[in-house]
Amino acid sequence: MSSPWTKIGHGFAWFFNLNLDPYGQQEAERTDSRDASQSHPNVEPYDEKNPTAADWLISVTPTPRGIFNYFYRLFPFLHWITRYNLVWFVGDLIAGITVGAVVVPQGMAYALLAELEPQYGLYSSFMGVLIYWFFATSKDITIGPVAVMSTVTGGIVNRAEEAIPDVPGHVVASALSVIVGGIVCFLGLARLGWIVDFIPLPSIAAFMTGSGINIAVGQIPTMMGMNSKKKRFSTRDPTYLVIINTLKNLKYTTIDAAMGLTALLMLYIIRGTCTYLAKKYPQREKMLFFISTLRTAFVILLYTAISAGVNLYRRSNPLFSVLGEVPRGFQHAAVPDLDPKILSFFTSELPAAVIVVLIEHISISKSFGRVNNYVIDPSQELVAIGVTNLLGPFLGAYPATGSFSRTAIKAKSGVRTPFAGVITAIVVLLALYALTAVFWYIPQASLAAVIIHAVLDVVSPPNVVYQFWRISPLEVIIFFAGVLVTIFDTIEDGIYTTVCVSFAVFIFRLFQAKGRFLGVARVRTIGDVRSGRAASESQSISQEQKTTSTLRGDSISSERNLFLPINHEDNSNPRIPLTHPYPGVFIYQFSELFNYPNATRFLDGLTAGIFKATRRTDPASLGKLGDRPWNDPGPRRGQVVIDDTEERPTLKAIILDFAAVNNVDATSVQALIDVRNQLDRYTTPDIVEWHFANVWNPWTRRALTAAGFGFLRPKGDAEAGRRWKSVFSVVDLADAATPLSSDGRSGEKRASRGDEEIGTQPHSIQENESLIRQVPVYGLNRPFFHADLQEALDAVLENIEHQPPVFKA
């Protein structure tokens, strides 16, 4: 009896004049299932049910347990903090102190990139490492100020000084951090971390390379002291202009160059020496690693000492540019000012800022997760970095994200858990309260050398670009486009260029996807010895080994059918003869998703190939000259035309391989219906059979059945005498202890040949089959949906060979 909801639905259908079953699906599926079950009484009946909107709503509706797990996963530290131990603490202590020694000078240097005073870099460093460990799914990542995000922030602060001069730069930077943090945190809470996957690796490499060159070039004037006495040109101009102006103003180089160039040289000498010695003396590799890691702190300390010795008694007129006063503690802690005037100013800059935060953090965390054998949760990482940027401005921080250099140092230092960030925060805190007097003497040229040394490491070496070329030449063009736009315009436009061009290439490939016709080749595996094993060996192995052997296919021949593109476009051996599996039978494979962008192109290729290889079933079906289409009127009246298609077969069946298709839409399905109608007119009075293989998504199967595919449509008068023979795959089930039978019958195909054929089977086989439970892989009510191409081909050939066509010439 129908449920009340069903009756209500039928009432709506009657009121709106809806045809609920235009193809007779319900009756056809009942008939198909009944015929298959009657032909094979040993096969347990199984009918597919369509997924419903209610099922989908239930699946996405959160349960109380799901809600609890959602909030529990927001704090990943709860998974491991109760098992924290002394060994982990020692590893975290070493890594935390090491990273702290690096982040203090880097943080102050990057704050200068952001056009802020150096203490704001320390505030960002402190909040980044302190907050992140609560939400982290990566033990290696280190959040704090980075070169690229600092440069983007600096550009916004510079423009704000001109547009809204009454607002201090750090207020603008803090407001930017809150908004960026809010956006990123929302993306994480909504579990939209997958959105980062839209940005491919070449785009990230181009962005990092262009940004590295841009930042390094912009720091050269500071390192050389050209702008120390008087600002002669802006380092925020496009990179090529900065290079030109730097060359023009070399004559204004000051003694700062001695502090900058020698510091840069020393950084590379220490790293190169440690790398060389580590290869020569591998037993001292760990010690050399820490020496190399701490080179930044060592160089800054050395040049600070030199500066203090020179400028101790000339603080009012230092010999070279120094960092200057750094306030002690968190003197700029305050509630961020989110004045609409400030927010409206940098609204246009938000996309670039958000993309930078996402790209740097997620790409770094994924990379180190793969290297160190753990998996990060991108959405949770967005929550972590979003909360960091939301809370950081309350202490004066500006936007922060994951740092590649400090993350690499942390990973190699033997970090064990994200708690190492707390150790780093303590180091930064000590620097803020105990070392601010020393910071006054740090030479700005030496800080510029630290920045140049750090950012040049993110520039992609030629070997990486060559690897891109070997894998995908087109993406090398995207890479250089992003780099060139960054050099000749801005970092923001470089980001937009790489992201937009990459997405355009993806869409172009989707629109231009082409299907392929498959042929059949009989192949066998060279070196296969399974079919040659002696019977005595198979009898002596254990039951467990028998089950394994069944799964491996010991009892079958190594010969099999292989489906390859007819034109060998897959780079298969062109000497292999490939033909369509049977005259008038075509196997067509979709190479991409089958949706509205490419449905027409796919199906145009299908029909063009069919028309080229077949002939019209009944030429008289074209009718009189006046009834024929204008684009195919046929020969002139009285003209005799030799039919060169006489040797071609008529179209009988089409097998579509949906292995690459996950979802379909209304446009693609309607296009499939139109092609079916077109080919039915082409083969009239015969009907084309449409078979589908590898349709794994239930919603795709539902869409196809709604369009009249997958089942035998009710026969007309011309086909009343024809009988369909179902071919389907079954699995032989044994008792509950052995899920699969061990007699080599798993996955067998069944063909319904009628009761008279079953009666001719050997008596021993029938008795054996009666002891085995057989279940079909897919529903018996939809005989045109097949588990694989071989089953689909078997079904087509089984029926073609035993059923004469309706049309008789």
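Going by the structure above, here's the rest.
Rules of the game
Residues numbered from 1 in each chain as written. Predicted model: local features only at pLDDT ≥ 70, side-chain atom pairs only at ≥ 80, totals over all residues. Heavy atoms only, no water. Helix = DSSP H or I, 4+ residues; strand = E, 2+ residues; numbered from the N terminus. Buried < 20%, exposed > 50% of the residue type's maximum accessible area, 1.4 Å probe, protein only. Areas by Shrake-Rupley, 256 points an atom, 1.4 Å probe, with all protein chains shown as cover. Axes fitted to C-alpha atoms, helices over the stretch in contact; angles between N-to-C directions. Parallel < 35°, antiparallel > 145°, perpendicular 65-115°, else oblique. Left-handed = near helix turned anticlockwise from the far one by under 90°. Contact = heavy atoms within 4.5 Å. Nonpolar A, V, L, I, M, F, W, Y, C, P; charged D, E, K, R; others polar. Salt bridge = Lys/Arg side-chain N within 4 Å of Asp/Glu carboxyl O. Expected span 1.5 Å × (residues − 1). Phe/Tyr/Trp six-rings, centres within 6.5 Å; stacked < 30°, edge-to-face > 60°. Arc of directions from axis to C-beta. Pairing = 2+ DSSP bridges.

Draft legend 1. Inspection of the overall build of the protein at higher detail. A tally of helices and strands in the protein yields 32 helices and eleven strands. Per-residue burial over the protein gives 47% buried out of 809 residues. Per element, the accessible surface of the protein, about 40500 Å² overall, is 61% carbon and sulfur.

Draft legend 2. Here's a closer look at the packing of helix α6 (residues 86-113) against helix α19 (residues 420-434). Look at α6 against α19: their axes get within 7 Å of each other, and the N-to-C directions meet at 40°. Relative to α19, the element α6 lies oblique. Read as a crossing pair, α6 and α19 show a hand that is right-handed. The residues of α19 that touch α6, namely those facing F89, D92, L93, G96, I97, V99, G100, A101, V103 and V104, are A420, I423, T424, V427, V428 and A431. Taken together, the residues of the contact of α6 with α19 break down into twelve nonpolar, three polar and one charged.

Draft legend 3. Fine view of the pattern of salt bridges. Enumeration according to the criterion identifies ten salt bridges in this entry. Put simply, R236 and E115 hold a salt bridge, and the shortest N to O gap is 3.1 Å. In this pair, R236 sits in the loop between α10 (201-224) and α11 (239-248) while E115 sits in the loop between α6 and α7 (119-135), placing the two residues 121 residues apart along the sequence. Linking R159 and E349 is a salt bridge whose minimum nitrogen-to-oxygen distance equals 3.2 Å. With R159 in helix α8 (residues 147-163) and E349 in the loop between α15 (340-345) and α16 (350-371), this pair connects stretches of sequence that are 190 residues apart. One salt-bridge network, held together by shared partners, links E48, R701 and R782.

Draft legend 4. Here's a closer look at helix α28 (residues 666-683). Between its first and last C-alpha, α28 extends 26 Å over 18 residues, near the 26 Å set by a 1.5 Å rise per residue. What α28 keeps buried is the set S668, V669, A671, L672, I673, V675, R676, L679, D680, Y682 and T683.

Draft legend 5. Main features of the packing of aromatic side chains. What the rule picks out here adds up to 38 aromatic pairs. Both rings, one in Y123 and one in F330, keep their centres 5.5 Å apart while their planes meet at 35°; by these two values the pair is tilted. Residue Y123 is found in helix α7, and its partner F330 is found in the loop between α14 (295-311) and α15; the two are separated by 207 residues along the sequence. When sorted by exposure, Y123 lands in the same class as F330, which is buried. Taken together, a centroid distance of 5.9 Å and an interplanar angle of 65° make the contact between F517 and F586 edge-to-face. With F517 in strand β3 (residues 516-523) and F586 in strand β5 (residues 585-589), this pair connects stretches of sequence that are 69 residues apart. For F517, a relative accessible area of 15% gives the class buried. Grouped by ring-pair contacts, the aromatic residues F517, F586, Y588, F590, F594, F602, F658, W690, F692, F709 and F785 constitute a single cluster.

Draft legend 6. Layout of unusual backbone geometry. Between T684 and the following residue, P685, the backbone shows a cis peptide bond with an omega angle of 10°. Within the secondary structure, P685 is located in the loop between α28 and β7 (689-693). Phi at H568 is positive, roughly 60°, even though this residue is not glycine. By secondary structure assignment, the location of H568 is in the loop between β4 (560-565) and β5. The class for H568 is buried, based on a relative accessible area of 16%. You will see that N571, though not glycine, has its phi angle at about 75°, which is positive. Locating N571 in the fold gives a position in the loop between β4 and β5. Classification of N571 as exposed rests on a relative accessible area of 74%.

Draft legend 7. Quick peek at helix α27 (residues 599-613). Compared with the 21 Å implied by 1.5 Å per residue over 15 residues, the 22 Å span of α27 between its first and last C-alpha is a close match. The complete set of buried residues in α27 reads A599, F602, L603, L606, T607 and I610. For α27, the buried positions fall inside an angular range of 125° around the axis, keeping them on one side. Among the structural elements, β3, β5, β6 (653-657), α28 and β7 are those in contact with the buried residues of α27.

Draft legend 8. Structural context of the pairing of strand β8 (residues 727-733). Of all seven residues in β8, five are buried, a share of seventy percent or more. Across four bridges, the pairing between β8 and strand β10 (residues 773-776) is antiparallel. Along β10, the bridge assignment pairs D732 with Q774.

Draft legend 9. Up close: the environment of G218. The residue G218 is located in helix α10 in this model. Measuring from C-alpha to C-alpha, the distance between G218 and D237 comes to 8.6 Å, with 19 residues separating the pair along the chain. If near-sequence neighbours (up to four positions away) are discounted, G218 is found in contact with T235 and V242.

Draft legend 10. Representation of the sheet that holds β6. Ordered by their spatial adjacency, six strands build an open sheet running β4-β3-β5-β6-β7-β11, and the pairing between neighbours is mixed. Pairing within the sheet leaves two strands with one partner each, and these edge strands are β4 and β11 (785-786). Bridge analysis of β3 against β5 gives three bridges, and the strand direction is antiparallel. Looking at β5, one finds that F517 is bridged to Y588.

Draft legend 11. Main features of the packing of α16 against helix α17 (residues 378-391). Close contact between α16 and α17 brings their axes to 11 Å; oriented N to C, the two are set at 130°. Our classification of the angle between α16 and α17 gives oblique. Here the hand of the crossing between α16 and α17 comes out right-handed. Residues V357, L358, H361, I362, S365 and K366 of α16 touch α17, and the partners they reach there are P378, E381, L382 and I385. Each residue belonging to the contact of α16 with α17 can be placed in one class, and the counts come to six nonpolar, two polar and two charged.

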